[in-house]
Each structure stands twice: as structure tokens, then as C-alpha cells.
Amino acid sequence: SRSDQLVGPRVRIMAIRRTAQRMLARSAASPAARAGARGLASASRSDQCIALEEKYNAHNYQPLPVVLERGMGSSVWDVDGVEYTDFLSAYSSMNQGHCHPRIIAALKEQADKLTLASRAFYTERLGRYAKFLTTTFGYDRVLPMNTGVEGGETAIKMARRWAYDVKGVPANEAVVLFAKNNFWGRTLAAVSSSTDPSSSGGFGPFMPGFDTIDYGSIAALEEAITRHGSDRVAAFMVEPIQGEAGVVVPPEGYLREAKRVCEAHNVLLIADEVQTGLGRTGRMLCSDWDEVKPDIVILGKALSGGVLPASAVLGSDEVVLSIKRGQHGSTFGGNPLACAVAEEAVRVLIDEKLPARADKLGAVFRSQMQEMVEPEGAGGSVESVRGRGLLNAVTVRPGTHKATGKPFSAWDVCLRLAKDARVLAKPTHQNIIRFSPPLMIAEETLDSSIAAIKDVLAAVRSECE
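Residues numbered from 1 in each chain as written. Predicted model: local features only at pLDDT ≥ 70, side-chain atom pairs only at ≥ 80, totals over all residues. Heavy atoms only, no water.

1. Here we look at the packing of helix α10 (residues 218–228) against helix α11 (residues 254–264)
- It is at 10 Å that the axes of α10 and α11 come closest, and there the two elements cross at 20 degrees. With respect to each other, α10 and α11 are oriented roughly parallel. In terms of crossing hand, the pair formed by α10 and α11 is right-handed. Seen from α10, the contacting residues are Ile218, Leu221, Glu222 and Ile225; seen from α11, they are Tyr254, Glu257, Ala258, Arg260, Val261 and Cys262.
- Looking at the contact of α10 with α11 residue by residue, the classes come out as seven nonpolar, no polar and three charged. (Axes fitted to C-alpha atoms, helices over the stretch in contact; angles between N-to-C directions. Helix = DSSP H or I, 4+ residues; strand = E, 2+ residues; numbered from the N terminus. Parallel < 35°, antiparallel > 145°, perpendicular 65-115°, else oblique. Left-handed = near helix turned anticlockwise from the far one by under 90°. Contact = heavy atoms within 4.5 Å. Nonpolar A, V, L, I, M, F, W, Y, C, P; charged D, E, K, R; others polar.)

2. Some thoughts on the environment of valine 169
- Tracing the backbone shows valine 169 in the loop between α7 (148–167) and β5 (175–179).
- Separated by 65 residues in the primary sequence, valine 169 and alanine 234 have C-alpha atoms spaced 7.9 Å apart.

3. Overview of a nonpolar patch on the surface
- On the surface, Leu188, Phe203 and Phe206 cluster together to form a nonpolar patch covering roughly 310 Å² of accessible area.
- You can see phenylalanine 206 is positioned in the loop between α9 (197–200) and β6 (210–213). (Patch = residues over 30% accessible without salt bridge, like charges linked within 9 Å, V, L, I, M, F, W, Y side chains within 5 Å. Areas by Shrake-Rupley, 256 points an atom, 1.4 Å probe, with all protein chains shown as cover. Salt bridge = Lys/Arg side-chain N within 4 Å of Asp/Glu carboxyl O.)

4. A few points about the environment of tryptophan 411
- Tracing the backbone through its elements, the reader meets tryptophan 411 in helix α15 (residues 410–421).
- Note on tryptophan 411: relative accessible area 22%, which makes it partly exposed.
- Distance from tryptophan 411 to proline 427, taken between C-alpha atoms, is 5.8 Å for residues 16 residues apart in sequence.
- For tryptophan 411, the contacting residues outside a window of four places in its chain are Gln62, Pro63, Leu64, Lys426 and Pro427. (Buried < 20%, exposed > 50% of the residue type's maximum accessible area, 1.4 Å probe, protein only.)

5. Digging into the pairing of strand β10 (residues 311–315)
- Across the five residues that make up β10, a large majority, five, are buried.
- Burial along β10 is two-sided: Ser311, Val313 and Gly315 facing one way and Ala312 and Leu314 facing the other are all buried.
- Relative to β10, strand β4 (residues 141–145) runs antiparallel, the two sharing five bridges. Within the sheet, the bridge partner assigned to leucine 143 lies in β10 and is valine 313.
- In terms of strand pairing, strand β9 (residues 296–299) meets β10 through four bridges, oriented antiparallel. Looking at β10, one finds that isoleucine 298 is bridged to valine 313. (Pairing = 2+ DSSP bridges.)

6. What about the packing of aromatic side chains?
- Summed over the entire model, instances satisfying the criterion amount to six aromatic pairs.
- A connected cluster of aromatic rings, assembled from ring pairs, spans Phe87, Phe365 and Phe435.
- Lying over the aromatic face of tyrosine 139, lysine 293 brings its terminal NZ or CZ to 4.8 Å of the ring centre. (Phe/Tyr/Trp six-rings, centres within 6.5 Å; stacked < 30°, edge-to-face > 60°. Lys NZ or Arg CZ within 6 Å of the ring centre and 35° of its normal.)

7. A closer look at the sheet that holds strand β3 (residues 83–86)
- One open sheet holds the four strands; their spatial order is β1-β2-β3-β15, and the pairing between them is mixed. Each of the sheet's edge strands pairs with one partner strand only, and the pair in question is β1 (68–72) and β15 (423–424).
- Pairing analysis gives three bridges linking strand β2 (residues 75–78) to β3, with the strands arranged antiparallel. Directly across from valine 76, in β3, lies its bridge partner tyrosine 84.

Structure below.
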């Protein structure tokens, strides 16, 4: 029941509150400390949770000031019981919706039997999962990992090893190409390939053998392979749609042409489908839009339905088996719990026809939001709308608050969306908002959310100049 679902979170909140009170009591020697204790005691549950996180957690994220406690389907509730419609989906991790009953049932069933054995032993779950995943996506083998960035690291290691052992690239000379404005994580390898100073600044020295080229340009890909030498280039790793960059959709046929160029030069095409895959863009894989089969596919996020970390790297025998026993791995990669959850999560996508649903509802979203787009100087609040399936972005036209004279940004709009429309979304850059609800969102919920989003955008614009 819904009340049963709340027991765990309530117990945790109570424990956090008691811990905070004990700590404040121990530090209450000074008048300032006693005043702080009185302030926390009178604060709302949301304020208490935010204060604890700000005090004891690393400051590596900037969350919206909403404290979530539970979720179901396309809805989430904060600690004060306020319901919101989730238009972020944990960066496209919740394609199947929050706490999907089938996925949670698979989690509970496997959790009662075996959760982890490490890869030191065989388990009855991994072989079944590997067969299901490779059969579903049409590849020979899979290397299971945990997070999306681990999948990216694995794909690059796999490509380098293939380049040395199969292609014959001289030792330590393999080059991997990436598109500018890419985003696939925060590890040192990931930021080494980044052109975003906020990701890479202050974290050097960086990984050698990486180069970046213009996204969407086949000429740039051909030039880079020629410049580095096709005998040294191992792979080109690319997002079919750049999510974190602002849902940047490349020219029609881009991935198909990239595959053609890569094949001509014996270069592996790595598709980073961590955010775009698993139905998000209206196909099971976004690369399916170009009818392309990449040499390596990276899956993550929605692979587990947002229940736990699970990622996968799919490829051919020739590519995947270039990594030999003991050369790469993860204690938790391919654990029985993740295998059970991920298999059921993919089955849900297929059984509920969620890719087709994303295609249909995404067209509705873009059509409705396109009505807000006006030429520069016309006073409209929206510059552009773009996307594919239910991975979409709205570019907000910059302006200045009439009352304060301060500039407003997409962050300000997202604050208003949460407060006035009860819609949760997050800016991806200064003036871009990404909208990516769960694929199972009801049509009436989508329609009412679109109307609320449009109302907020219109209101914000009327308050600005």
C-alpha cells in the first residue's frame, strides 16, 4: 500500500532529525549555537533536509530546493506531501516511471535470494541476462558494468585493446575521437575528452590519445582521421543526440554517414546511448533512427528503470573478446540483483511499447511548445524547441526582471515551474531547459503539464523586458 511505501522514508527522516538535534545539543555552548538550534527546530522538514545535506555533503551539485520523498509513475512527492510531475526523470533514468511495480517486484524477489557474489564465481543470473540483452539488441556479447561513465571507460579500453591486438596500431599510439560538447561523465577520462571548462578546469593533466571534432560534421571526422592517420585511430565515440549540451540533434543521417566513414578506415563507431537509448527518443536505440548498428553500444541509466546502477557495453566477439580474463572488471558489475532488475526493466520497455509511446508523445510536446516560439524582438519567451521522442529542450530568450533589473535565466524559470506549475525540470545551460518525463506519462498529464509550462513561460516573460 502507499502507506507501506512511506514507512522506510519516514523512519529515515526521523533518524536524520534526531541526529541533527543531538548534534545541535552538543554544540549549544554559545548563544549563536543556541540561536541556530532554535532556527532548525522551527524549520520545515524540507529546510531541515536541505540544511543537513548542505552541512555534511560535498557541494558538487546545485539541486533545486525541492526535497523528494517518494515517487510513482510520472509523479513525485516532497516531504511535505506536495505532488510534482517529473520532467527530468533523473536525466532519463526513469523511462519506465518511478517504482514500476514489475521492476520493484523483480528487485525484491532477487534480493531475497542473492545480491552479490562478485565475478570470482559464476551465478545463475548473469548468463541468462547476457543472453537476453545480446539477443534483444543484436550483439554477440556484453560486458556489464554499473554506471554510465564506467560503460564509457570500458568502451574506450575495449576499443584501444582491439586497436592494438586486431587492427595493429603501434603500442600506446591509439587515438580515440570525440565530438565537441560531449558529456559522458566526470571521471578523468571523461573530462579529458570534454570541451566544457566547468567539467575539465582544474583537473589536469589529461588522458593522452584523445581528440575532439565538431559535432554533426562528417567532414571534421574525415579530416581528423586523415590528420592522425587511419592506421592510428581506434574509435569515434559519439552521442546520437547530445543531451547535456542542450539536446542537440545532429543533421539527418549523421550517424549513418559516420558509420560509413568509420568502416572505410577500419575505425570503431561507439554509440553512447546512455541517455538516448532504451526508448527515450522514440526508438529502442537512438541510432535506430539512422538504421545504423554501431560497433559498440553503451547503455545505462534506464537500463535498471532507475532502481539501481546498471550499465552495459555491447559489441561483437572480435571487439569484446579483445579484453582478456583479468584485464578489466568490477566487483558489482553483472551482480545478480542488477541482472534481475535490468532484464525486467528492458522487458517493461518492450511489453509496454514505450519507445513508440515516446515517439508519439514527443511530437505532441514539440508541437504544443512550438506555439511559444516567436522571432527575436517580438517579445516571446521561447527562442527554440528541439528534440526527438521525449528527449526535448526549450531555449529561453534572455531577459531582465523589470522590478529588480537583474537578468533571468533558465534556472529562474525552473524555480517557477516547480513552485507554480508543480513541474520539475532542470536547466542544462544558461538558457536551455531539458524536458524528459517518464515515457509512460499519461496523455492527460502531459497535456496539463504543457499548459502549465506555457503559463509559467508567459508569466515570466511578462515580468521581464
